[in-house]
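Examining the three-dimensional arrangement
What follows is the residue order along each chain.
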Amino acid sequence: MYDILQQFQVRASVGTVFDAFTSSSGLNAWWTAEATGTPNFDTVYRFYFGPAFDWRARVIHVANRKELTWLVTEAMDDWLETEVGFVLEETAEGCLVRFFHRNWLHNGDHFAISTFCWGQLLNGLKHYVEIGKIVPFEKRN
């Protein structure tokens, strides 16, 4: 199994970052075109990126508005049964984010592309929570 790991600091509260990862408005600001779901155990989120990319993931872990893990149940083949999530830690500067996308079966081209894309997207999350910047979905690449 292979894991994508990202760790970075943001100048925002843990609660603000948690909401950016778990609320529809937060997810739509930096990742999805349209998201639905709530950060409750066993809840199914919908992550919509367009007609060919209408994905689902189930919350398999949530704790203290600081941790959440989704199990991807509907997506492209490489993402199926992978886990996407984060652990947040309060710091003097704001919030330390430990992001993961783990349990990939292969570390081929799609893994490498996803690693790069997560870095870009998480930078968008950072700008969203720090300065309120939202990049329109069609301009995220």
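Model, not experiment: these values are computed from the prediction.

The rules we used
- Residues numbered from 1 in each chain as written.
- Predicted model: local features only at pLDDT ≥ 70, side-chain atom pairs only at ≥ 80, totals over all residues.
- Heavy atoms only, no water.
- Pairing = 2+ DSSP bridges.
- Helix = DSSP H or I, 4+ residues; strand = E, 2+ residues; numbered from the N terminus.
- Axes fitted to C-alpha atoms, helices over the stretch in contact; angles between N-to-C directions.
- Parallel < 35°, antiparallel > 145°, perpendicular 65-115°, else oblique.
- Left-handed = near helix turned anticlockwise from the far one by under 90°.
- Contact = heavy atoms within 4.5 Å.
- Buried < 20%, exposed > 50% of the residue type's maximum accessible area, 1.4 Å probe, protein only.

Here we look at the sheet that holds strand E3 (residues 44-50)
Spatial ordering of the open sheet is given by E1-E7-E6-E5-E4-E3-E2, a layout of seven strands whose pairing is antiparallel. Two strands in the sheet have a free side with no partner beyond their single neighbour: strand E1 (2-10) and strand E2 (34-36). Direction aside, the axes of adjacent strands within the sheet are offset by 20° on average. Inspection of the sheet shows E3 paired to strand E4 (residues 53-63) by six bridges, in the antiparallel sense. When the bridges of E4 are listed, Tyr48 appears paired with Asp54.

A few points about the pairing of strand E5 (residues 67-74)
Relative to E5, E4 is paired through seven bridges, and the arrangement is antiparallel. Looking at the pairing, Val59 lines up with Trp70 of E5. The antiparallel pairing of E4 with E5 creates a hairpin that spans three residues between the two strands, and Asn64 there sits at a positive phi of about 55°. Bridging between E5 and strand E6 (residues 83-91) involves five bridges; their strand directions are antiparallel. Within the sheet, the bridge partner assigned to Thr69 lies in E6 and is Gly85.

Digging into the packing of helix H1 (residues 14-22) against helix H3 (residues 109-131)
Contact pair H1 / H3: the axes reach a minimum separation of 10 Å and the direction vectors enclose 130°. One finds that H1 runs oblique with respect to H3. With respect to the hand of their crossing, H1 and H3 are arranged in right-handed fashion. Packed against H1, whose contacting residues are Thr16, Val17, Ala20 and Phe21, the element H3 presents Leu122, Leu125, Tyr128 and Val129 at the interface.

Details of unusual backbone geometry
Leaving glycine out, the prevailing phi sign among residues is negative, and the prevailing peptide bond configuration is trans. Even without a glycine there, the phi angle at Asp42 is positive, about 75°. With respect to the helices and strands, Asp42 occurs in the loop between E2 and E3. Positive phi outside glycine occurs at Asn103, with the angle close to 75°. Along the chain, Asn103 turns up in strand E7 (residues 94-104). With relative accessibility at 26%, the residue Asn103 sits in the partly exposed group.

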